[in-house]
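The chain contents come next:
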Amino acid sequence: MCESLGLAALGTIADMVPLLQENRILAKFGLRELERSKRPGIEKLVDITRQRSGNDGALSTEDVGFGIGPRINAVGRLSDPGYALELLMAEDKAKAEELFGVLEKENNKRRKIGADIFEDVCRRIENEHDPETGKMIVMGDPSWHPGVLGIVASRVVEKYYRPVFLFTIEDGIARGSARSIKGVHLFNTLRRCEELFDRFGGHEMAAGGTLRADRIEELSCALNDLIELDPAEMIPEIEYDCCLELKDINESFLAEISQLEPFGSENSEPLFATMQLEVVGSPKLMGKDGRHISFHVRQRKGEPAYRAVAFNMGHLGREITRGTSISLLYHLRINVWRGTRNIELRVNDLHLES
């Protein structure tokens, strides 16, 4: 029963099921059982995920959603999902290591394929898409792998904040995945031009469909005509929970927040805002090619400074300098380094004051 509870939590979290009512209970107690599992394959997944995330505490929904889930998902997208099932069921440590190697290899391949397609899509958007008039981005290419198009579409929506439909093309048939934004009901919009599709399905924010490749341009024109939201209104909005004074942040406060866990779909982790902070010290670029950045901020002179980490914002390195006035939206984290625990701000978004 305990083993089944752990697997139920894994599936619930990885599939982004709303963590409300009984699902939240399953996730809360299932995470504990997942962490305690003695099955070699599950132990390996848990250990490597915690090791790479730097999490020395209890297994979290973030560990499952961003560490374990993608590895299991990768083999289903690129090769054979049976490898993931075998790993979860493995009773032999050597066999588990072998299967984990397969998942790790496929996950790295998935990331590389996804990054290459994302770069290709962005290049084409910059050359072909007019953000002042274009309402939806619709593109296709025979070289794009169908297993990662949904992931890439989500990243494109995040960067450009436009509905996106990406297709791979084979033998004259286009098969694709779509993602939307607030204010554009994707399924209802597709239904209004269903005569263009061989088949389609989905819901408000995500969909997929198949049609003749020579109709992609026609579909693009139809969707841009059907969407009523004006491009000027396609501006992302981020709702935060409250404004927070940095002086009120301490481990006791984080312990109170932890009572709301586990966080996930429809039970989001609290997002805080603090305005007009001062950057102190020298910011540092992090990660491959300096794609991330970390810096320290304080609210007032004489008060403690906190480290802020902004992933995928390394391009702002020249603008974030000592003395810069900056406002942040962030989640709170405990970072453990060489036995020392420090509270840091995990940046969700930022605004540089003029």
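Structure's up top.
Just so it is clear, the model here is predicted, and its values are computed rather than measured. (Residues numbered from 1 in each chain as written. Predicted model: local features only at pLDDT ≥ 70, side-chain atom pairs only at ≥ 80, totals over all residues. Heavy atoms only, no water.)

### Observations regarding the overall build of the protein
Turning to step 1, where the next piece is worked out: Each helix and strand in the protein was counted, giving 10 helices and 11 strands.
Turning to step 2, where the next piece is worked out: Relative to the globule expectation of 20 Å for 354 residues, the C-alpha radius of gyration of the protein, 22 Å, shows essentially globular dimensions.
Turning to step 3, where the next piece is worked out: Seen through its principal axes, the protein has C-alpha atoms that stretch 65 × 60 × 40 Å.
Turning to step 4, where the next piece is worked out: With 354 residues in all, the protein has 44% of them scored as buried.
Turning to step 5, where the next piece is worked out: Within the protein, residue pairs in contact and separated by at least 24 positions form 62% of the contacts whose partners lie at least 6 positions apart.
Turning to step 6, where the next piece is worked out: Accessible surface computed for the protein: about 19,600 Å², of which carbon and sulfur atoms make up 49%.
Turning to step 7, where the next piece is worked out: A gap of 5 Å separates the mean positions of the 46 positive and 57 negative side-chain charges of the protein. (Helix = DSSP H or I, 4+ residues; strand = E, 2+ residues; numbered from the N terminus. Rg over C-alpha atoms; globule rule 2.2 N^0.38 Å. Buried < 20%, exposed > 50% of the residue type's maximum accessible area, 1.4 Å probe, protein only. Contact = heavy atoms within 4.5 Å. Areas by Shrake-Rupley, 256 points an atom, 1.4 Å probe, with all protein chains shown as cover. Lys, Arg positive; Asp, Glu negative; His and termini not counted. Charge placed at Lys NZ, Arg CZ, Asp CG, Glu CD.)

### Some details on the side chain of Glu106
Turning to step 1, where the next piece is worked out: Summarising the element assignment, Glu106 is placed in helix 6 (residues 93-128).
Turning to step 2, where the next piece is worked out: In terms of polar contacts, Glu106 uses its side chain to reach the side chain of Ser79, at 3.3 Å.
Turning to step 3, where the next piece is worked out: Every residue in contact with Glu106, bar those within four places of it in the chain, is listed here: Ala74, Val75, Leu78 and Ser79. (Polar contact = N/O pair within 3.5 Å; in protein donor to acceptor, adjacent residues only side chain to side chain.)

### Overview of the nonpolar core
Turning to step 1, where the next piece is worked out: Ranked by internal contacts, the top residues of the largest apolar core, which has 43 residues, are Val121, Val156, Phe165, Leu166 and Leu219.
Turning to step 2, where the next piece is worked out: For this core, the secondary structure elements donating two or more residues are helix 6, strand 1 (137-141), helix 7 (149-160), strand 2 (164-170), strand 3 (173-179), helix 8 (186-191), strand 5 (206-212) and helix 9 (216-226).
Turning to step 3, where the next piece is worked out: Considering every element that reaches this core, the biggest residue donor is helix 7, with six residues.
Turning to step 4, where the next piece is worked out: Once residues lying within four places of it in the same chain are set aside, the contact partners of Val121 are Met139, Trp144, Val152, Val156 and Leu166.
Turning to step 5, where the next piece is worked out: Listed in part, the 26 residues of the second largest apolar core include Leu254, Ile293, Leu328 and Ile343. (Core = buried A, V, L, I, M, F, W, Y, C linked by side-chain atoms within 4.5 Å.)

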